[in-house]
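# Structure at a glance
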Amino acid sequence: MKWPERSLAIMGGFGFASGLPLALSGFTLQQWLTEGHVARSVIGLTANIGLPYTLKFLWAPLLDEIRPLPGLGRRRGWLLAIQPLLVLACLWLALSNASIAAAFAIALLSATQDIAIDAWRIETFPPDRQGLATAVYVWGYRVAMLVSGSGVIAAVSLVGWHVALLGITALATLAIGVTLLAEEPPAAAARPLRANWMARGWSALRDPLADFLGRAGAIPVLAYVALFYLGEGMAGVMLAPLYRDLGFDRVAVATAIGPFSLFATMAGIGLGGALVARIGLRRALVGTGFTQMAAMAMYVWLSVSPGSHALLFATVLVEALVGGLASAAFLAYLSTLCTASFAATQYALLSSLAPLAARTVAGFSGYLAQAVGWPAFYTIAMLASLPAMMIMLYNIRRASMRPG
């Protein structure tokens, strides 16, 4: 296989390695806790387990300045240092009784793996192939999420939680093979190590931040980015207990969030990209953002329709489709905010900021749902998207948003 095709295949493998652990500290864990009759308030707090994905920019400079395994380079060295530990964390979770500590270890190691994989992609592919590389990565990522999400939940009915998660642990070991097949990017291999890596790490954070914050309207833009996923995060973290209370067993849940949801998400992303190209980014942000907020009303409808499998299926499909639409416009917008000389770092910072509200404020969703009930909770979750939309409209009027 020629190098360009080989590198794309490896990119797909890295996408699978990146997506596989995500559900283990998210929906799959929440489903396991729900079946263990854990209180909603505790399940809501599991949203905070994902904080390493939000804060990973804090230690990302270390992956540029340290080679943990001599002779393997920066990118492959870090991946081969992290991936065996990630396998052990998955094994810990599989042998535990839904250990929160194991799930946090998975999230921390997985977020660090993502830093190294993103760096490998940026340094391996030229600018004109980054789009294709990202698409291949997303496909691998989404397939892995399907396996560790609905795949695990479906398998539990046959073999139980421990055996199903041991299967995911076995799949996680394949990431080591992908890294061994990959080549160290020439850019990473050629860049010299600096003696004062701590000063370099501080500069790597300070300079991109100073560049961004020095712009007019930077704070409202950051507020929009930080609040974008709040409503979605509140809704998502409580889905497992909602489905249980509405009488849906794990087979129904696995079917609803299975391949059809994946295809709907990918279709939404494709349609969202086409919409941005056709009507412009500003109008696409407004249209897809309000459409996503309106579609959350289906959760309100579902919450008063216990046992309706047709409505469950429709709700998941619509949410996946409009979520893909909104994400395509939002991620395109994040790209326009980056200065060329700081593109990788600023994108990492912005993409870490985006889920901040979902990882923090949404962690209290369980207490709110327990206090007000499902219909009122999902109405509040839907309205929680409104502040971000209002800030976005303000930014557009003030020309704080750079896209045209």
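In this report, the structure presented in the accompanying data block is examined. Computed from a prediction, not measured in an experiment: that's the story for all the values here.

### A word on the overall build of the chain
- Within the chain, the regular secondary structure consists of 24 helices and 0 strands.
- Excluding contacts between residues fewer than 6 apart, the proportion of contacts in the chain whose partners are at least 24 apart in sequence is 83%.
- For the chain, the accessible surface area stands at approximately 16900 Å², while carbon and sulfur atoms represent 71% of it.

### Some thoughts on the packing of helix H22 (residues 365-372) against helix H23 (residues 374-383)
- It is at 7 Å that the axes of H22 and H23 come closest, and there the two elements cross at 135°. Between H22 and H23, the angle is such that the two are oblique. The interaxial crossing formed by H22 with H23 has right-handed handedness. Here H22 contributes Ser365, Leu368, Ala369 and Val372 to the contact with H23, which in turn contributes Trp374, Ala376, Phe377 and Ile380.
- Along the lines of polarity and charge, the residues of the contact of H22 with H23 split into 7 nonpolar, 1 polar and no charged.

### Section: the pattern of salt bridges
- Taken as a whole and judged by the stated rule, the model has 5 salt bridges.
- Between arginine 75 and glutamate 123 there is a salt bridge whose closest N-O contact spans 2.9 Å. Residue arginine 75 is found in helix H6 (residues 74-95), and its partner glutamate 123 is found in helix H7 (residues 100-124); the two are separated by 48 residues along the sequence. No difference in accessibility class separates arginine 75 from glutamate 123, as the two residues are buried.

### Concerning the nonpolar core
- Membership of the largest hydrophobic core comes to 86 residues, with the highest contact counts inside it found for Phe14, Tyr243 and Tyr378.
- Counting residues per element, this core draws most heavily on helix H8 (residues 130-172), which supplies 12 residues.
- In this view, tyrosine 378 contacts Ala235, Met238, Leu239, Leu242, Tyr299 and Val300; residues no more than four positions away in its chain are not counted.

### Here we look at a nonpolar patch on the surface
- A contiguous nonpolar surface patch, about 450 Å² in accessible area, is contributed by Leu85, Leu88, Leu91, Leu95 and Leu166.
- For the nonpolar patch, the leading source of residues is H6, giving 4 residues.
- Here leucine 166 lies in helix H8.
- Judged by its relative accessible area of 34%, leucine 166 is partly exposed.

### Some words on H7
- Relative to the 36 Å expected for 25 residues at 1.5 Å per residue, H7 spans 36 Å between its end C-alpha atoms, a close match to the ideal helical length.
- N-capping of H7 is provided by serine 99, with a side-chain oxygen placed 3.3 Å from the backbone N of alanine 101.

### Some remarks on the environment of tyrosine 347
- Topologically, tyrosine 347 is positioned in helix H20 (residues 343-353).
- Taking the C-alpha atoms as reference points, tyrosine 347 and leucine 331, separated by 16 residues in sequence, lie 9.6 Å from one another.

### Looking at the packing of aromatic side chains
- What the rule picks out here adds up to 16 aromatic pairs.
- An angle of 35° between the planes, with centres 6.5 Å apart, marks the rings of phenylalanine 364 and tyrosine 367 as tilted.
- Under the relative-accessibility criterion, phenylalanine 364 is labelled exposed at 52%.
- In textbook terms, an aromatic cluster arises when at least three aromatic residues are bridged by ring pairs, as seen for Tyr224, Phe228, Tyr229, Phe330 and Tyr333.

### Considering the packing of helix H16 (residues 259-279) against helix H17 (residues 281-295)
- Close contact between H16 and H17 brings their axes to 7 Å; oriented N to C, the two are set at 135°. By the angle class used here, H16 and H17 are oblique. In this structure, H16 contributes Leu275, Val276 and Ile279 to the contact, and H17 contributes Leu281, Arg283, Ala284 and Thr288.
- In the contact of H16 with H17, the residues fall into 5 nonpolar, 1 polar and 1 charged.

### Some words on the side chain of arginine 76
- Within the secondary structure layout, arginine 76 lies in helix H6.
- Put simply, arginine 76 is tucked away with no salt bridge, and the nearest opposite charge, on glutamate 184, sits 5.2 Å away.
- In terms of polar contacts, arginine 76 uses its side chain to reach the backbone carbonyl oxygen of alanine 182, at 2.9 Å.
- In contact with arginine 76, other than residues within four places in its own chain, are Thr179, Leu180, Ala182, Glu183 and Glu184.

### Section: the environment of leucine 356
- Take leucine 356: it is sitting in helix H21 (residues 356-359).
- Leucine 356 sits in the partly exposed class, given a relative accessible area of 30%.
- Residues leucine 356 and leucine 227 lie 129 residues apart in sequence; the distance between their C-alpha atoms is 7.8 Å.

### Quick word on unusual backbone geometry
- A positive phi angle is found at alanine 98, which is not glycine, with a value near 60°.
- Within the secondary structure layout, alanine 98 lies in the loop between H6 and H7.
- Owing to a relative accessible area of 9%, alanine 98 belongs among the buried residues under this scheme.

Criteria and thresholds
Residues numbered from 1 in each chain as written. Predicted model: local features only at pLDDT ≥ 70, side-chain atom pairs only at ≥ 80, totals over all residues. Heavy atoms only, no water. Helix = DSSP H or I, 4+ residues; strand = E, 2+ residues; numbered from the N terminus. Contact = heavy atoms within 4.5 Å. Areas by Shrake-Rupley, 256 points an atom, 1.4 Å probe, with all protein chains shown as cover. Axes fitted to C-alpha atoms, helices over the stretch in contact; angles between N-to-C directions. Parallel < 35°, antiparallel > 145°, perpendicular 65-115°, else oblique. Left-handed = near helix turned anticlockwise from the far one by under 90°. Nonpolar A, V, L, I, M, F, W, Y, C, P; charged D, E, K, R; others polar. Salt bridge = Lys/Arg side-chain N within 4 Å of Asp/Glu carboxyl O. Buried < 20%, exposed > 50% of the residue type's maximum accessible area, 1.4 Å probe, protein only. Core = buried A, V, L, I, M, F, W, Y, C linked by side-chain atoms within 4.5 Å. Patch = residues over 30% accessible without salt bridge, like charges linked within 9 Å, V, L, I, M, F, W, Y side chains within 5 Å. Expected span 1.5 Å × (residues − 1). Polar contact = N/O pair within 3.5 Å; in protein donor to acceptor, adjacent residues only side chain to side chain. Phe/Tyr/Trp six-rings, centres within 6.5 Å; stacked < 30°, edge-to-face > 60°. Lys, Arg positive; Asp, Glu negative; His and termini not counted.

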